[in-house]
Amino acid sequence: MGHRILIVEDSPTMRQLLVFALRRLKDVEIVEAQDGLDGLRKVSSDHFDLALIDINMPVMDGLKLISLIRGDEALQELPIVVITTEGAKEDRRRALELGANEYLCKPIQANQVLSVAKGLLKAD
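These notes cover the structure that comes with them. Model, not experiment: these values are computed from the prediction.

Thoughts on the environment of Leu121
With respect to the helices and strands, the residue Leu121 is situated in helix α5 (residues 110-121). Using a relative accessible area of 8% as the deciding quantity, one classes Leu121 as buried. Each C-alpha atom of the pair Leu121 and Pro79 lies 8.1 Å from the other, and the pair is 42 residues apart in sequence. In this structure, Leu121 is in contact with His3, Ile5, Leu25, Asp49 and Leu50, ignoring residues within four places of it in sequence.

Here it is, written out as structure tokens:
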């Protein structure tokens, strides 16, 4: 049985990079969302093993999305990786306090995404 990963990112280029990196995992299905609201709809109506969420997005930002995910009992165990240009300690602290498992700053490397994803999915 493979893993399902949700990417919530408003930049098509960044989504493409993340999909490219995550495709190296064995037996993985990747679903994309273009903003926080789209991400919330998808994560609420389907099962995912991992979510990668950008902070700065239109409609609903990533921090709001993380707090809504963590507020839903069914989704509390979902591993969340924040991917952002916000490198400030304060932003990192807020994201981790809200329940993110990992925090990656852009520009990100494909192998960095891959190793974090493997760790959270306990995949090889």
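On we go.
A short note on the side chain of Asp35
Mapped onto the fold, Asp35 is located in the loop between β2 (28-33) and α2 (36-45). A distance of 2.9 Å separates a polar atom in the side chain of Asp35 from the backbone nitrogen of Leu37. Not counting residues up to four positions away in its chain, the partners in contact with Asp35 are Val8, Met57, Pro58 and Val59.

Here's the deal with unusual backbone geometry
Here Lys106 and Pro107 are connected by a cis peptide whose omega angle stands at 0°. Positionally, Pro107 belongs in the loop between β5 (102-105) and α5. Even without glycine at this site, Val59 takes up a positive phi of about 70°. Structurally, the position occupied by Val59 is in the loop between β3 (50-54) and α3 (62-71).

Considering the side chain of Arg4
Tracing the backbone through its elements, the reader meets Arg4 in strand β1 (residues 3-8). Judged by relative accessible area, Arg4 falls into the buried class, the value being 14%. At 3.1 Å, the side chain of Arg4 and the side chain of Glu29 are in polar contact. Beyond its immediate stretch of four places on either side in the chain, Arg4 contacts Glu29, Val31, Asp46, His47, Phe48, Asp49 and Leu50.

Quick look at α3
A turn of α-helix holds 3.6 residues, and therefore any two residues three or four places apart point the same way. All of the buried residues in α3 are Gly62, Leu63, Leu65, Ile66, Ile69 and Arg70. Down the axis of α3, the buried side of the element spans an arc of 160°, and every buried residue falls inside it. Tucked into the core, α3 has its buried residues touching β1, α2, β3, β4 (80-84) and α4 (89-98). For α3, the side-chain oxygen to backbone nitrogen distance between the N-cap and Leu63 is 3.1 Å, and the N-cap itself is Asp61.

Focus on the environment of Gly99
Among the secondary structure elements, Gly99 is positioned in the loop between α4 and β5. Sequence separation between Gly99 and Lys118 is 19 residues, and the spatial gap between their C-alpha atoms is 19 Å. Ignoring anything within four residues of it in the chain, the contact list for Gly99 reads Ile66 and Arg70.

Criteria and cut-off values
- Residues numbered from 1 in each chain as written.
- Predicted model: local features only at pLDDT ≥ 70, side-chain atom pairs only at ≥ 80, totals over all residues.
- Heavy atoms only, no water.
- Helix = DSSP H or I, 4+ residues; strand = E, 2+ residues; numbered from the N terminus.
- Buried < 20%, exposed > 50% of the residue type's maximum accessible area, 1.4 Å probe, protein only.
- Contact = heavy atoms within 4.5 Å.
- Polar contact = N/O pair within 3.5 Å; in protein donor to acceptor, adjacent residues only side chain to side chain.
- Arc of directions from axis to C-beta.

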